Structure formats: C-alpha cells, structure tokens
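Each chain, written out:
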Amino acid sequence: SQQGEEDPQALSIQEGENATMNCSYKTSINNLQWYRQNSGRGLVHLILIRSNEREKHSGRLRVTLDTSKKSSSLLITASRAADTASYFCAPPGPDKLIFGTGTRLQVFP
Amino acid sequence: GAGVSQSPSNKVTEKGKDVELRCDPISGHTALYWYRQRLGQGLEFLIYFQGNSAPDKSGLPSDRFSAERTGESVSTLTIQRTQQEDSAVYLCASSLVAGSVSGELFFGEGSRLTVL
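Numbers given for residues are sequential positions, taken from 1 along each chain in its written order. Each chain gets a letter, beginning with A, and each ligand a number, beginning with 1, in the order they are written. Per-residue local features of the predicted model are confined to residues with pLDDT of at least 70, and side-chain atom pairs are confined, for both listing and counting, to 80 or more; whole-chain, interface and lining totals are unaffected and use all residues. In computing side-chain properties, one takes all heavy atoms of the structure into account and sets aside hydrogens as well as water.

**Comments concerning the nonpolar core**
Throughout, nonpolar core names a set of buried Ala, Val, Leu, Ile, Met, Phe, Trp, Tyr and Cys residues whose side chains join them through atoms within 4.5 Å. We call a residue buried when its accessible area falls under 20% of the maximum for its residue type, exposed when it is over 50%, and partly exposed in between, using a 1.4 Å probe and counting protein chains only. In terms of nonpolar packing, the biggest core is built from 21 residues, with A:Met21, A:Leu32, A:Trp34, A:Leu74, A:Ile76, A:Tyr87 and A:Leu105 touching the most fellow members. Of all the secondary structure elements, the ones that give two or more residues to this core are β2 (10–14), β3 (19–24), β4 (31–37), β5 (43–50), β7 (61–66), β8 (71–76), β9 (85–90) and β10 (103–108) of chain A. Counting residues in hydrophobic clusters, the runner-up holds 19 residues, among them B:Val19, B:Phe49, B:Ile79 and B:Cys92. Counting from the N terminus, the helices are DSSP H or I runs at least four residues long and the strands are E runs at least two residues long.

**As for the interface of chain A and chain B**
In this analysis, two residues are considered to be in contact whenever any of their non-hydrogen atoms come within 4.5 Å of each other. Taken together, the 23 residues of chain A in the interface contact 22 residues of chain B. By convention, the term buried area covers the 1.4 Å-probe accessible surface removed from two parts as they join, with the contributions of both added. Here chain A packs against chain B, burying approximately 1,700 Å² in sum over the two surfaces, 49% of which is carbon and sulfur. One speaks of a salt bridge when a side-chain nitrogen belonging to Lys or Arg is within 4 Å of a carboxyl oxygen belonging to Asp or Glu. Taken together, the connections running from chain A to chain B amount to 1 salt bridge. Here A:Arg41 and B:Glu109 are joined by a salt bridge, their closest N and O atoms 2.7 Å apart. A 3.5 Å cut-off defines polar contacts: any pair of N or O atoms within that distance qualifies, except that in protein one atom must be a possible hydrogen donor and the other a possible acceptor, and neighbouring residues in sequence count only when both atoms are side-chain atoms. Our count for the contact surface shared by chain A and chain B stands at 5 residue pairs in polar contact (both at pLDDT 80 or more).

**A word on the packing of aromatic side chains**
Two rings belonging to Phe, Tyr or Trp (six-membered ring only in the last case) form a pair when the distance between their centres is within 6.5 Å. Interplanar angles under 30 degrees mark stacking, angles over 60 mark edge-to-face geometry, and anything in between is tilted. Taken as a whole, this structure holds 9 aromatic pairs over all chains when the rule is applied. Taking the centre distance of 5.9 Å and the plane angle of 70° together, the rings of A:Phe99 and B:Phe107 count as edge-to-face. Note that A:Phe99 is positioned in the loop between β9 and β10 and B:Phe107 in strand β10 (residues 106–107), a pairing that runs across two chains. Of the two residues examined, A:Phe99 and B:Phe107, each falls in the buried class. Relative to B:Phe107, the ring of B:Tyr35 has its centre 5.9 Å away and its plane inclined at 35°; by these criteria the two rings are tilted. One end of the pair, B:Tyr35, is in strand β4 (residues 31–37); the other, B:Phe107, is in strand β10, with 72 residues separating them in the sequence. Residue B:Tyr35 shares its accessibility class with B:Phe107, and that shared class is buried. Clustering of aromatic rings is evident, with ring pairs tying together A:Tyr35, A:Phe88, A:Phe99, B:Tyr33, B:Tyr35, B:Phe45, B:Tyr48 and B:Phe107.

**A short note on the sheet that holds β4(A)**
Pairing between the strands of a sheet is mediated by backbone hydrogen bonds and can be parallel or antiparallel. Residues and elements named next belong to chain A. For two strands to be treated as a pair, DSSP must find at least two bridges joining them. Strand order in the open sheet formed by 5 strands is β2-β10-β9-β4-β5, and the pairing between neighbours is mixed. With partners counted over all chains shown, the strands left at the sheet margins are β2 and β5, one partner each. Pairs of neighbouring strands in the sheet enclose a mean axial angle of 25°, with direction left out of account. One ladder, built from 5 bridges, connects β2 with β10; its direction is parallel. Along β10, the bridge assignment pairs Gln-14 with Phe-108. Every axis in this analysis is a line fitted to C-alpha atoms, fitted for helices over the stretch in contact. Angles between the N-to-C directions lie between 0 and 180 degrees.

**Quick word on the layout of surface pockets**
Here the term cavity refers to a set of points on a 1 Å grid, laid over the protein atoms alone, in which a 1.4 Å probe fits but cannot get out; the term pocket refers to an open set having protein on both sides within 12 Å along at least five of seven lines, with lining residues being those that place an atom within 4 Å of a point. Grid points are joined across faces, edges and corners, and a volume is the space filled by probe spheres set on the points. By volume, the largest pocket is sized at about 500 Å³. A:Gln37, A:Ser39, A:Gly40, B:Gln37 and B:Gly40 are, among the 27 residues lining the largest pocket, the residues nearest its centre. Those elements that place two or more of their residues in the lining of the largest pocket are β2, β9 and β10 of chain A together with β9 (88–95) and β11 (111–115) of chain B. The classification used treats Ala, Val, Leu, Ile, Met, Phe, Trp, Tyr, Cys and Pro as nonpolar, Asp, Glu, Lys and Arg as charged, and all other residues, Gly among them, as polar. By residue class, the composition of the lining of the largest pocket is 9 nonpolar, 14 polar and 4 charged.

**Comments concerning the state of the cysteines**
Residues and elements named next belong to chain A. The criterion for a disulfide is a pair of cysteine sulfur atoms lying within 2.5 Å. Scanning the entire structure with this criterion turns up 2 disulfides over all chains. Here Cys-23 pairs with Cys-89 through a disulfide, and the sulfurs are 2.0 Å apart. One quick way to see it: the torsion about the S-S bond of Cys-23 and Cys-89 is about 70°, and its sign makes the bridge right-handed. Within this pair, whereas Cys-23 is found in strand β3, its partner Cys-89 is found in strand β9, the two being separated by 66 residues in sequence.

**Focus: unusual backbone geometry**
The amide bond that connects A:Asp7 to the next residue, A:Pro8, takes the cis arrangement and shows omega of 0°. Topologically, A:Pro8 is positioned in the loop between β1 (5–7) and β2. Here the bond from B:Ser7 into B:Pro8 is cis, since omega is -10°, no more than 30 degrees from zero. One non-glycine residue with positive phi stands out, namely A:Lys70, at about 55°.

**A closer look at the pairing of strand β8 (residues 75–79) of chain B**
Taken residue by residue, a regular strand's side chains alternate between the two faces of the sheet. Residues and elements named next belong to chain B. Taken across its 5 residues, β8 has 5 buried, putting it largely inside the fold. Both faces of β8 are covered, namely the face carrying Ser-75, Leu-77 and Ile-79 and the face carrying Thr-76 and Thr-78. In the sheet, strand β3 (residues 19–24) pairs with β8 via 5 bridges, with the strands oriented antiparallel. Its bridge partner lying in β8, Val-19 is registered against Ile-79. In textbook terms, the turn of a hairpin is the stretch between consecutive antiparallel strands, and for strand β7 (residues 65–69) and β8 this stretch comprises 5 residues, one of which, Gly-71, has a positive phi near 60°.

Structure, rendered in structure tokens:
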C-alpha cells in the first residue's frame, strides 16, 4: 500500500542553517501531507500540498511536489533548536495515511 | 474537548494481563485511526473506523488485538494477554472523513504501554 519514504533518516545541523528532507512515494496521489512529531508526542500536521501545486509555503516551511518523479521535499529555513523533531510525509492511500519511518532532525544551538 | 484525547497516558502492566486504551476523537470526525509506534520507529497502522465500522483491520498484529467504536465517537483498543513486544506508544487520530481526499489527521498524545 502507499507509503512515503523519507530521506535522510537522520539530519544534524546548526541553528540558522536550512534543513531539507525528501520523500518518495509509489502511486499517483491527489495530495501529500507533512507531519512533525516531537519526541514521545503525537504528530502535528504541518502542511498539505495538492497534486496541481508544485510549491507551497507556510512560514519558514517550503514544500515542493514533483508528481512526475513521485517525490516531495520539505525545506525548513533558518532552523531553530525548537525545530528538533521527527518529520513524516504522508501520501494518502485509498482510505488511510501510511507513515514511513521519518527523518529525525537535530538542530544544535 | 477541542482535541483528540487518549487515556491512559501511561500504562505499565504485567505480561499476560489485558489492557484497554481509550480514544476520544474530535466531535464530528467520522474517521478514527489507531497506530502503534515502537521506540525509535515509525508509525505502524493498526485499524481505522469510518463511523462505527472498521473497513480495514489489516494492521492488527494478532487476534489478541481488537478495537471497537461506538456512537461514532469513543474508540477502545483492547490487547489481550499482553506480551513484551506489545510495549509501544499507541496513537489515535481522527479526521473529518477517510479516503484519498482526506485532509488533516488530528493526533492525540498517545498511550505509552509498557509490558513487564
């Protein structure tokens, strides 16, 4: 079934740097979502991009979607220590979201 | 309440005991999902409900796991004869509708289960 695969599995950067996470999926979609999870907590929805959108912004977040390559990327600009979390992409299946293993982002102050 | 509520937040039990985990979704959300997350791992889909029906139970790991939903509201995930490998955080989420055009999932904070 449809599942996003995030890359890299782990990413460590310094505060102020940009962080880029990538997501690949297998079948055609009409939208793709990104979620964030602070350690041991529930997931929080970040952004949804539709298949007819190539790029979407929300604050310091920039998401791109390339349906021809079945891939998406999440860019966090000017990262902060508080951005430390795991990030998951979620392309929709017929009736549910299947999450991958995520990218663990560590931002050092 | 305004968000998805799960209880208990933490549960420690002995191997072989039964446990019940509860999820209160956002009012009016017809779709409800259960996921499991082992330490350091991604989310593993268990089951979802559309209304009170469970069209997809494919993720339930064994017949020791069951779930129900009543009144298109509260859901209970029951694990019978718990094993140590059941130790994980069990996450519940709800959304307005299920399906490929589904929008945002709203997650609870999870129930952390430890089986000794």
